Amino acid sequence: MKTETNIIQLDIGGMTCSSCAARVEKKLNKLDGVTASVNYATERAVVTLDTDVPTETLIGVVEKTGYTASLPAPPAQSKDEDAPDPALSVLAGRVFMSLALAIPVVAIAMVPAFQFPGWQWTSLVLTLPVVIYGGWPFHAAAWTNLRHGAATMDTLVSIGTLAATAWSLWAMFFGKAGMIGMTHAFSFAIERGDGSMNVYFEAAAGVTAFVLLGRYLEHRAKHRATSALRALADMGAKDVAVLRDGVEVRVPVADLAVGDLFVVRPGEKIATDGVVTAGHSAVDESMLTGESVPVEVTVGDTVAGATINSGGRLTIRATAVGRDTQLAQMAKLVEDAQTGKAAVQRLADKISGIFVPIVILIALGTLGVWLATGSGLTAAFTAAVAVLIIACPCALGLATPTALMVGTGRGAQLGILVGGPEVLEQTRAIDTIVLDKTGTVTTGKMALTEVITADDADEAEVLAKAGAVEAASEHPIAAAIAASATERFGSLADVDAFDNIPGRGATGTVDGLDVLIGRASLLAERGMPLPDRLTERQAEAEARGNTVVAIGWNGRAQGLLVVSDQIKPTSRQAVARLRELGLTPILLTGDNTAAARTVAREVGIDTVHAEVLPKDKVDVVSALQAEGKVVAMVGDGVNDAAALAKSDLGIAMGTGTDVAMAASDLTLVRGDLLVAADAIRLSRSTLRVIKGNLFWAFAYNVAAIPLAALGLLNPMIAGAAMAFSSVFVVGNSLRLRRFR
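A.B. asks: What should I look at first to understand the overall build of the chain in this one?
C.D. replies: A tally of helices and strands in the chain yields 26 helices and 26 strands. Per-residue burial over the chain gives 54% buried out of 740 residues. Look at the contacts in the chain between residues 6 or more apart in sequence, and 70% of them connect residues 24 or more apart. For the chain, the accessible surface area stands at approximately 30700 Å², while carbon and sulfur atoms represent 58% of it.

The structure is reproduced here in C-alpha cells:
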C-alpha cells in the first residue's frame with residue numbers, strides 16, 4: 001500500500017549478509033522513479049517512489065534477485081515478539097545438530113588412536129547430515145551469489161565443504177580410502193600422492209559447524225533490531241477508564257476514540273494524547289522531554305499518552321489515538337532511524353569477495369598446469385580439489401564469535417553489554433559523542449542541594465518544617481525535600497490541616513505554626529514577600545537551572561529550599577576520558593538552557609543543545625552526521641530512543657528505560673558514564689582481535705595453498721592447518737579476558 005508521501009516499506013527475507021542487502025538495493029534502484037534503501041540489520045527496504053510503480057513490481061524484482069519480499073504486517077497483526085523467532089529456532093537446530101556430529105568427526109580424524117576399523121565410514125555417516133542439512137543456508141546463498149556473479153563467505157564455505165565431501169566420497173568408493181583398517185598416519189611429511197587414500201570429512205564437517213555457529217550468534221544479535229519498537233509499544237497504557245453517560249467503564253486502549261472522555265488517577269499512565277477537562281495534577285513527562293521536573297497541568301492543558309500522572313485525579317478528552325499520538329510518532333522516529341542506519345559489511349565477506357575468486361583461479365590454474373604437464377587426470381584433480389579444501393579455513397567461523405564471546409563476557413563483568421559485531425566496527429571511527437543530560441550525566445532524581453534562610457531564621461528549623469509539610473505531598477519536589485529532612489533528623493513532626501494548592505504549593509500546621517511552602521508568588525499573595533537578599537539568591541539559583549521553593553510562617557518568609565538534579569560523581573572524569581579517546585563531547589537535553597549550561601560547565605563540555613524534543617534530538621544527530629562526523633549517542637530515556645537508533649553508535653544507560661536499551665548498540669549496566677569510555681575501549685580492542693583472527697584464519701591456510709597446488713598436501717597437513725588456525729584464533733580471543 002502506497003502512502004501519501006510515496007514511500008513503501010517491504011520486509012525482505014533470505015538475506016545472509018550485508019552484500020545481499022546491497023544486491024537487493026541495487027536491483028530496486030534500477031527501476032525508473034525508484035530510490036531504495038535496504039537495511040540488512042532490520043531486514044527491511046524503504047522505497048521512495050517518484051512515479052506510480054505497483055507494489056507487485058517491487059516484490060517481483062526482489063524475488064527475481066533470489067530473496068522474498070512482503071508488505072509489513074499491521075501492528076495489531078504483528079507476531080508476538082516474545083515468542084521465539086522461527087528462523088532463529090531453525091538455525092539453532094542446525095547449529096546444535098552440526099556441532100554434535102562434527103566434533104567426533106574432527107576428533108577421530110585428528111587423533112590416530114581414535115581411528116578404529118571402519119572409522120572413515122562412521123565419519124561419512126556423521127558428516128553428510130552436517131554438510132547437507134547444516135550447510136544448506138551456505139549452499140543456497142552460494143547459488144544465489146553465483147547467479148549474480150558475486151562471491152561471499154557463503155561461496156567460500158560452500159565450495160570448500162562440497163569439494164572436501166565430494167573428494168572423500170570419490171576416495172572411499174573409487175579409491176583406496178574405503179578399505180577397513182585404513183588410517184591417517186601421524187605424519188607431516190610433504191610428499192606427492194594420488195589422493196586415493198585421503199578423506200577430508202573433518203574439514204567439511206568442522207567448517208560447516210563452526211561457521212554455522214558464527215552465523216547463529218550474529219542472527220541472534222541482529223534480531224534485537226526490532227525490540228526498540230516492541231518496547232515503545234509496551235510503554236503505553238493497556239486499558240483506560242472511559243466515561244460513558246457519566247459512568248466509568250474500563251475498556252482496552254484500542255477502543256478509545258477521538259473525543260472520548262477518560263479518567264486518570266494518581267500513579268496511572270495517561271492512555272492517549274488529550275486535553276484536561278477537569279482536575280489538576282503534576283505529570284511526569286520525562287519520557288518525552290527528559291525534563292526531570294514534573295509539569296503542572298490543569299483544565300485546558302494538553303497531555304501526552306504514556307506519560308504518568310503523579311498527582312491528582314484528571315479527566316481528559318482524547319485528541320489523538322493510535323498512530324497519531326506522540327508515542328506512535330516516537331516509534332516511527334525510531335523505526336526510520338534504524339532503517340536508515342547504514343549496515344556495516346562483515347569483515348569476512350569483504351575478504352571473501354577478493355579471496356574466493358583468487359582461490360578458484362588458483363584451483364583452475366593448478367588443474368590446467370597438471371594436465372598440461374601430462375601428470376594425469378586423477379593427480380590433476382587431486383591437486384585442484386586440495387586447493388579448494390585448504391582454502392576453506394575452519395577458523396573463519398570462529399574468528400568473530402570467539403572474540404565476541406570473550407569480549408562480551410569481559411564486558412558483562414565490567415557492566416557493558418555489546419549488541420553484535422557491527423557495533424564493534426562502528427567504535428573504530430567514532431569522533432563525536434553526544435550525551436543526554438538527565439539520567440546520563442546527572443542522576444535524573446531531584447535532590448535538595450541548598451537551604452537559604454532569612455537573616456534571623458534557623459536553617460534546621462526551616463528544613464524541619466518544610467520536610468514535615470512536604471511529607472504529606474505526592475509531588476516529586478516535595479518528596480526530595482522530605483527525604484532530605486528525614487535523612488537529617490530521622491523523624492519529622494506531624495502536620496495538621498494539610499492542604500495542597502495545585503501547581504503552587506501547600507500549607508499545613510506544624511508545632512502550632514501555620515506553614516506555607518511553594519512558589520514565591522504564592523507567599524507574596526499571602527502577605528509574606530521575599531526580602532531583597534532572598535530574591536537575589538532565588539534569581540541566582542534559577543539562573544543555574546535549579547528549582548527554588550519558598551517557605552514562610554508567622555507572616556514572613558523564612559527561607560528558600562533549592563532543589564536540582566544532581567550531577568553523577570564520575571561524570572566529569574568520564575568526559576575527560578572520552579576526550580582522551582579522541583572524542584568531542586556534546587550535551588543534548590530537553591531540559592532548560594540554564595540547567596544544561598550549568599551541568600556542561602561543571603563536567604567540562606563546551607557545546608550544548610538544550611530544550612530539544614525527541615525529533616529535534618534526531619535532527620541534531622543527523623546534522624552532525626551531515627558534517628561528516630561519526631556520532632555516538634549516550635542516553636537513558638524513551639525520548640532518547642530515536643536519537644540512539646539514528647546515531648552511528650547508540651549507548652544506553654542500564655538504569656534507564658527498556659526502550660532506550662533496545663534502540664542502542666551498547667548498554668552500560670551500572671548506568672555510570674565512566675563505563676562509556678571503557679565500553680569504547682573494549683569494543684575497539686575486540687575489533688582489533690577480530691581483525692587479527694580473520695587475518696590468521698586465512699594466513700595459515702593461504703600458506704598451505706602452494707603445497708596443495710604442488711600436490712604435496714596430505715590429510716595431516718590439512719588437519720594441522722585447520723587445527724592450528726583454530727587454536728590461534730581461540731588463544732588470541734582469550735587475551736580479551738585481561739582487559740582492564
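A.B. asks: For this particular structure, what's the right way to read the nonpolar core?
C.D. replies: Ile481, Ile517, Ile551 and Leu561 are the most contacted members of the largest nonpolar core, which has 38 residues in total. Non-local contacts of Ile517, meaning those with residues more than four positions away in its chain, are made with Ala466, Val469, Glu470, Arg504, Gly505, Ala506, Leu522, Val549, Ala550, Ile551 and Leu561.

A.B. asks: I would appreciate a short explanation of the pattern of salt bridges in the present structure.
C.D. replies: What the rule picks out here adds up to 20 salt bridges. Residue Arg244 is joined to Asp260 by a salt bridge in which the shortest nitrogen-to-oxygen separation is 3.7 Å. Linking Arg244 in strand β5 (residues 239–244) with Asp260 in the loop between β6 (247–252) and β7 (261–264), this pair joins segments that are 16 residues apart in sequence. Residue classification places Arg244 among the partly exposed residues on the basis of a relative accessible area of 35%.

A.B. asks: It is not clear to me how the packing of helix α3 (residues 86–110) against helix α4 (residues 119–134) should be interpreted in this structure. Could you clarify?
C.D. replies: Two quantities define a packed helix pair, namely the angle between the axes and the distance from one axis to the other. The N-to-C vectors of α3 and α4 enclose an angle of 155°; their axes lie 9 Å apart at closest approach. Looking at the two axes, α3 sits roughly antiparallel to α4. Taken as a pair, α3 and α4 cross one another with a handedness that is left-handed. Of the residues in α4, those in contact with Val90, Arg94, Met97, Ser98, Leu101, Ala102, Pro104, Val105, Ile108 and Ala109 of α3 are Trp119, Ser123, Leu126, Thr127, Pro129, Val130, Tyr133 and Gly134. Residues of the contact of α3 with α4, tallied by class, amount to 13 nonpolar, four polar and one charged.

A.B. asks: Before we go on, may I ask you to explain the sheet that holds strand β2 (residues 34–39) in this structure?
C.D. replies: Hydrogen bonds along the backbone pair up the strands of a sheet, which may run parallel or antiparallel. Here we have four strands laid out as an open sheet, ordered β2-β3-β1-β4, and antiparallel in their pairing. Looking at the sheet topology across the chains shown, the edges are occupied by β2 and β4 (68–70). Across the sheet, the mean angle from the axis of one strand to that of its neighbour is 25°, orientation sign disregarded. Where strand β1 (residues 7–13) lies against strand β3 (residues 44–49), five bridges are found, and the strand directions are antiparallel. Among the inter-strand pairings, Ile8 is bridged to a residue of β3, identified as Val47.

A.B. asks: Which parts of the structure should I look at to understand the pairing of strand β13 (residues 314–320)?
C.D. replies: Within a regular beta strand, the side chains point alternately toward one face of the sheet and then the other, so they alternate between its two faces. Buried residues dominate β13, accounting for five of its seven residues. Looking at chain direction, β7 and β13 are connected through four bridges and run antiparallel. Counterpart to Leu261 in the pairing with β13 is Arg317. Relative to β13, strand β8 (residues 273–278) runs antiparallel, the two being bridged by five bridges.

A.B. asks: Please clarify how the sheet that holds strand β12 (residues 308–309) should be interpreted in this entry.
C.D. replies: The three strands are arranged β10-β9-β12 in an open sheet whose pairing can be described as antiparallel. The sheet terminates laterally at β10 (295–297) and β12, the two strands that pair on one side only.

A.B. asks: What am I meant to see in helix α19 (residues 532–543) here?
C.D. replies: Residues lying three or four places apart along an α-helix face the same way, a consequence of the helix completing one turn every 3.6 residues. Along its twelve residues, α19 runs 17 Å from first to last C-alpha, staying within 8% of the 16 Å computed at 1.5 Å per residue. Of all the positions in α19, only Leu534, Gln538 and Ala541 are classed as buried. Buried residues along α19 cover an arc of 70° about the axis, so they all sit on one side. Turned more than 90 degrees off the buried face of α19, the exposed positions are Asp532 and Ala543. Its buried side turned inward, α19 meets β16 (442–453), α18 (520–525), β20 (547–553) and β21 (556–567). Gly545 sits one or two residues past α19 and shows a positive phi near 90°.

A.B. asks: What am I meant to see in the pairing of strand β25 (residues 649–653) here?
C.D. replies: With respect to burial, β25 is a largely interior element, five of its five residues being buried. Covered by surrounding structure in β25 are Leu649, Ile651 and Met653 together with Gly650 and Ala652, the residues of both alternating faces. Pairing between strand β24 (residues 631–635) and β25: four bridges, direction parallel. Bridge pairing in β25 links Gly635 to Ala652. Remark: the β24/helix α23 (residues 641–646)/β25 crossover connection has right-handed handedness. As paired strands, β25 and strand β26 (residues 666–668) are joined by three bridges and run parallel to one another. Each bridged residue has a counterpart across the sheet, and for Ile651 the counterpart in β26 is Leu666.

A.B. asks: What is the right way to look at the environment of Met653 in this model?
C.D. replies: With respect to the helices and strands, the residue Met653 is situated in strand β25. On a C-alpha basis, the gap between Met653 and Leu666 in space is 8.7 Å, while along the polypeptide they are 13 residues apart.

A.B. asks: I would appreciate a short explanation of helix α12 (residues 377–390) in the present structure.
C.D. replies: For α12, spanning 14 residues, the distance from its first C-alpha to its last is 20 Å, which sits close to the expected 20 Å at 1.5 Å a residue. Burial runs high along α12: eleven of the 14 residues are buried. Buried within α12 are the following residues: Ala379, Ala380, Thr382, Ala383, Ala384, Val385, Ala386, Val387, Leu388, Ile389 and Ile390.

So, how was this worked out
Residues numbered from 1 in each chain as written. Predicted model: local features only at pLDDT ≥ 70, side-chain atom pairs only at ≥ 80, totals over all residues. Heavy atoms only, no water. Helix = DSSP H or I, 4+ residues; strand = E, 2+ residues; numbered from the N terminus. Buried < 20%, exposed > 50% of the residue type's maximum accessible area, 1.4 Å probe, protein only. Contact = heavy atoms within 4.5 Å. Areas by Shrake-Rupley, 256 points an atom, 1.4 Å probe, with all protein chains shown as cover. Core = buried A, V, L, I, M, F, W, Y, C linked by side-chain atoms within 4.5 Å. Salt bridge = Lys/Arg side-chain N within 4 Å of Asp/Glu carboxyl O. Axes fitted to C-alpha atoms, helices over the stretch in contact; angles between N-to-C directions. Parallel < 35°, antiparallel > 145°, perpendicular 65-115°, else oblique. Left-handed = near helix turned anticlockwise from the far one by under 90°. Nonpolar A, V, L, I, M, F, W, Y, C, P; charged D, E, K, R; others polar. Pairing = 2+ DSSP bridges. Expected span 1.5 Å × (residues − 1). Arc of directions from axis to C-beta. Right-handed = clockwise from strand over helix to strand, strands pointing away.

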